[in-house]
Amino acid sequence: MAKPENQDDQEYKARSAALRLLARREHSRLELSLKLRQRKIESAIIEQVLDDYEDEGWLDDDRFADVYARQRMDIGYGPLRILGELQQRGVHRTPQCLEDMTEEDWCRRAVLLREKRFGLVDLEDDWDEKVRQARFLNRRGFSSSQVDSALEARAPEL
């Protein structure tokens, strides 16, 4: 017959699980909290462990947001999508790396993504293809002005 878990066992379980998760990758406080709740750990214990880990510097939403945003930027996502995903993960501040980006930087990224995915062919006469590419860029999180800029880009004439 299994012995009932006492407070110390729950706290040890929470600390070790949180540390293992943080060793793999950065997590937001909300993500870590949800993962610990899935392990049937009491909320009070979770909050205490997460507070301790924040005090130690092992858990930091700002650091998580910066790492996450940089990774998403590197694989071709735009600012709207990145900010939305951060909010879903409990981070409601804009990371510095996103604030440092200008509108021109985002337009350039949208053009590069379009070039990589579709090429920079002239879309003046092909409305269906223009709409398809615009939808793709919108789903990736680029604003309408950034999408328009990318769709106007042309391959350099040789």
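Preceding this paragraph is the structure being described.
For the structure given in this document, a descriptive report is provided here. (Residues numbered from 1 in each chain as written. Predicted model: local features only at pLDDT ≥ 70, side-chain atom pairs only at ≥ 80, totals over all residues. Heavy atoms only, no water.)

**What about the environment of K35?**
Consideration 1: Structurally, K35 is set in helix α2 (residues 29–38).
Consideration 2: Look at K35 and you get partly exposed, because its relative accessible area is 25%.
Consideration 3: Discounting chain neighbours no more than four positions away, the residues touching K35 are L21, R25 and H27.
Consideration 4: Among the polar contacts made by the side chain of K35, one reaches the side chain of H27 at a distance of 3.0 Å. (Helix = DSSP H or I, 4+ residues; strand = E, 2+ residues; numbered from the N terminus. Buried < 20%, exposed > 50% of the residue type's maximum accessible area, 1.4 Å probe, protein only. Contact = heavy atoms within 4.5 Å. Polar contact = N/O pair within 3.5 Å; in protein donor to acceptor, adjacent residues only side chain to side chain.)

**Considerations on the side chain of S143**
Consideration 1: On the secondary structure map, S143 appears in the loop between α8 (127–139) and α9 (144–152).
Consideration 2: Overall, the relative accessible area of 18% leaves S143 in the buried class.
Consideration 3: Beyond its immediate stretch of four places on either side in the chain, S143 contacts L80 and E103.

**A short note on the packing of helix α7 (residues 103–117) against α8**
Consideration 1: Close contact between α7 and α8 brings their axes to 11 Å; oriented N to C, the two are set at 125°. Classified by the angle their axes make, α7 and α8 are oblique. For the pair α7 and α8, the crossing hand works out as right-handed. Side by side, α7 and α8 meet where A110, L113, R114 and R117 of the first sit next to Q133, F136 and L137 of the second.
Consideration 2: Looking at side-chain class alone, the contact of α7 with α8 contains four nonpolar, one polar and two charged residues. (Axes fitted to C-alpha atoms, helices over the stretch in contact; angles between N-to-C directions. Parallel < 35°, antiparallel > 145°, perpendicular 65-115°, else oblique. Left-handed = near helix turned anticlockwise from the far one by under 90°. Nonpolar A, V, L, I, M, F, W, Y, C, P; charged D, E, K, R; others polar.)

**Topic: the packing of aromatic side chains**
Consideration 1: Summed over the entire model, instances satisfying the criterion amount to four aromatic pairs.
Consideration 2: Between Y53 and W58, the aromatic rings sit 5.1 Å apart at their centres with planes inclined by 65°, giving edge-to-face as the arrangement.
Consideration 3: Residue Y53 is classed as buried on the basis of its relative accessible area, which comes to 4%.
Consideration 4: Considering the side-chain rings of W106 and F142, the 6.4 Å spacing of their centres and the 70° angle between planes classify their relative orientation as edge-to-face. With W106 in helix α7 and F142 in the loop between α8 and α9, the pair connects residues that are 36 residues apart, well separated along the chain.
Consideration 5: Take W106: its relative accessible area is 4%, and that puts it in the buried class.
Consideration 6: For the cation-ring pair, R72 lies above Y77, with the distance from its terminal atom to the ring centre recorded as 4.2 Å.
Consideration 7: Across the ring face of Y77, the terminal group of R140 is positioned such that the distance to the ring centre comes to 4.6 Å. (Phe/Tyr/Trp six-rings, centres within 6.5 Å; stacked < 30°, edge-to-face > 60°. Lys NZ or Arg CZ within 6 Å of the ring centre and 35° of its normal.)

**Some words on the pattern of salt bridges**
Any two side chains of opposite charge can pair if their charged atoms end up close together.
Consideration 1: Applying the stated criterion to the full structure yields 17 salt bridges.
Consideration 2: For E31, the salt bridge goes to R25, with nearest N and O atoms at 3.4 Å.
Consideration 3: Residue R29 is joined to D51 by a salt bridge in which the shortest nitrogen-to-oxygen separation is 2.8 Å. In this pair, R29 sits in helix α2 while D51 sits in helix α3 (residues 43–56), placing the two residues 22 residues apart along the sequence. (Salt bridge = Lys/Arg side-chain N within 4 Å of Asp/Glu carboxyl O.)

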